[in-house]
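Observations on the three-dimensional arrangement
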Amino acid sequence: NAGVMQNPRHLVRRRGQEARLRCSPMKGHSHVYWYRQLPEEGLKFMVYLQKENIIDESGMPKERFSAEFPKEGPSILRIQQVVRGDSAAYFCASSPNPTTGAFFGQGTRLTVV
Amino acid sequence: GQQVMQIPQYQHVQEGEDFTTYCNSSTTLSNIQWYKQRPGGHPVFLIQLVKSGEVKKQKRLTFQFGEAKKNSSLHITATQTTDVGTYFCAGRENSGGSNYKLTFGKGTLLTVNP
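Below you will find a few notes about this structure. (Residues numbered from 1 in each chain as written. Chains lettered and ligands numbered in written order. Predicted model: local features only at pLDDT ≥ 70, side-chain atom pairs only at ≥ 80, totals over all residues. Heavy atoms only, no water.)

1. Here we look at the environment of L43(A)
This is how it is decided: A run of DSSP states H or I qualifies as a helix once it reaches four residues; a run of E qualifies as a strand once it reaches two. Both are numbered from the N-terminal end. Contacts: residue pairs with any heavy atoms within 4.5 Å of one another.
Tracing the sequence through the fold places L43(A) in strand β5 (residues 43-50). Separated by 48 residues in the primary sequence, L43(A) and F91(A) place their C-alpha atoms 8.4 Å from one another. Apart from the residues within four sequence positions on either side, L43(A) is in contact with Y35(A), R36(A), Q37(A), F91(A), F104(A), P43(B), F88(B), F104(B) and G105(B).

2. A short note on the state of the cysteines
Spelled out, the test is: Put simply, a disulfide is two cysteine sulfurs that come within 2.5 Å. Buried residues are those whose accessible area, probed at 1.4 Å on protein chains only, stays under 20% of the maximum for their type, while exposed residues exceed 50% and partly exposed ones sit between those limits.
Enumeration according to the criterion identifies two disulfides over all chains in this entry. Between the sulfur of C23(A) and that of C92(A) lies a disulfide, 1.8 Å long from S to S. Here the S-S torsion is close to -50°, and the disulfide linking C23(A) with C92(A) is therefore left-handed. Of this pair, C23(A) sits in strand β3 (residues 19-24) while C92(A) sits in strand β9 (residues 88-95); the two residues are 69 residues apart in sequence, bridging distant segments of the chain. Assigned by exposure class, C23(A) and C92(A) land together as buried. The disulfide that involves C23(B) links it to C89(B), with 2.0 Å between the sulfurs. Residues C23(B) and C89(B) are joined through a disulfide that is right-handed, its torsion about the S-S bond being 75°. Residue C23(B) is located in strand β3 (residues 19-25), and its partner C89(B) is located in strand β9 (residues 85-93); the two are separated by 66 residues in the primary sequence. For the pair shown, C23(B) and C89(B) are each scored as buried.

3. Notes on the side chain of T21(B)
All names here are of chain B. To be explicit about the condition: For the purposes of these results, a polar contact is taken to be a pair of N or O atoms within 3.5 Å, where, inside protein, one atom must be able to donate a hydrogen and its partner to accept one; residues adjacent in sequence count only when each atom of the pair is a side-chain atom.
With respect to the helices and strands, the residue T21 is situated in strand β3. Of the polar contacts made by the side chain of T21, one reaches the backbone oxygen of I7; its length is 3.5 Å. A polar contact of 2.8 Å, which involves the side chain of T21, links it to the side chain of T108. Discounting chain neighbours no more than four positions away, the residues touching T21 are Q6, I7, P8, W34, S72, S73, L74, Y87 and T108.

4. Comments concerning the interface of chain A and chain B
The test is simple: By convention, the term buried area covers the 1.4 Å-probe accessible surface removed from two parts as they join, with the contributions of both added. Between Lys or Arg on one side and Asp or Glu on the other, a salt bridge is scored when a side-chain nitrogen of the former is within 4 Å of a carboxyl oxygen of the latter. Each residue receives one of three labels: charged for Asp, Glu, Lys and Arg, nonpolar for Ala, Val, Leu, Ile, Met, Phe, Trp, Tyr, Cys and Pro, and polar for the others, Gly being one of them.
Residue-level contacts link 21 residues of chain A with 20 residues of chain B. Counting each side, the surface lost to burial between chain A and chain B is near 1700 Å², with a carbon and sulfur contribution of 54%. Between chain A and chain B we count zero salt bridges in total. Between chain A and chain B we count nine residue pairs in polar contact (both at pLDDT 80 or more) in total. Considered class by class, the residues forming the side of chain A that touches chain B number nine nonpolar, eight polar and four charged.

As structure tokens, then:
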């Protein structure tokens, strides 16, 4: 039973480009969460999705950021027109239901140059 | 909004010493979770506490949830070098609605001198 799979592990983008981060939850998990982490900081909630639905996107900037979790395929976190301040580690987590502990992927380290 | 504060930010101990990290929420929580993140790694779920005053043990780790469900602690007895990492608490607000967002503390970085 594979864990939460994120790819790519490392992503370098120039300012103004788009970044696409993918997350395949654990088998049987239909709840996906995206978090952002800056060095020596905690995890900041961005968005919570259930299959085909965004449940809570209160932590995600309204502009340039979007997330989806389609019926088929991985969850995608998309950052358009990246800026240097978007550089961070982005973690995806999944759970079988919203009240239990979450299992994290290994993260995508985004660097904007 | 909900805030979760953790202290201390850093803790350095000699191997064999005990370690405790504390977590305080600005609001009452429905549950609290603890995670461990090794340097360069990803958070790993340790445990969830749900009941007021709950105490759970995992080998040398003891987790407590306060009576008011606003604070929690993690205590490690006789630390080992394998305990090195950042320990995060994460609280889920008791909003009664569909708020399943976990708010993380900033974590306590534990280093152990062998």
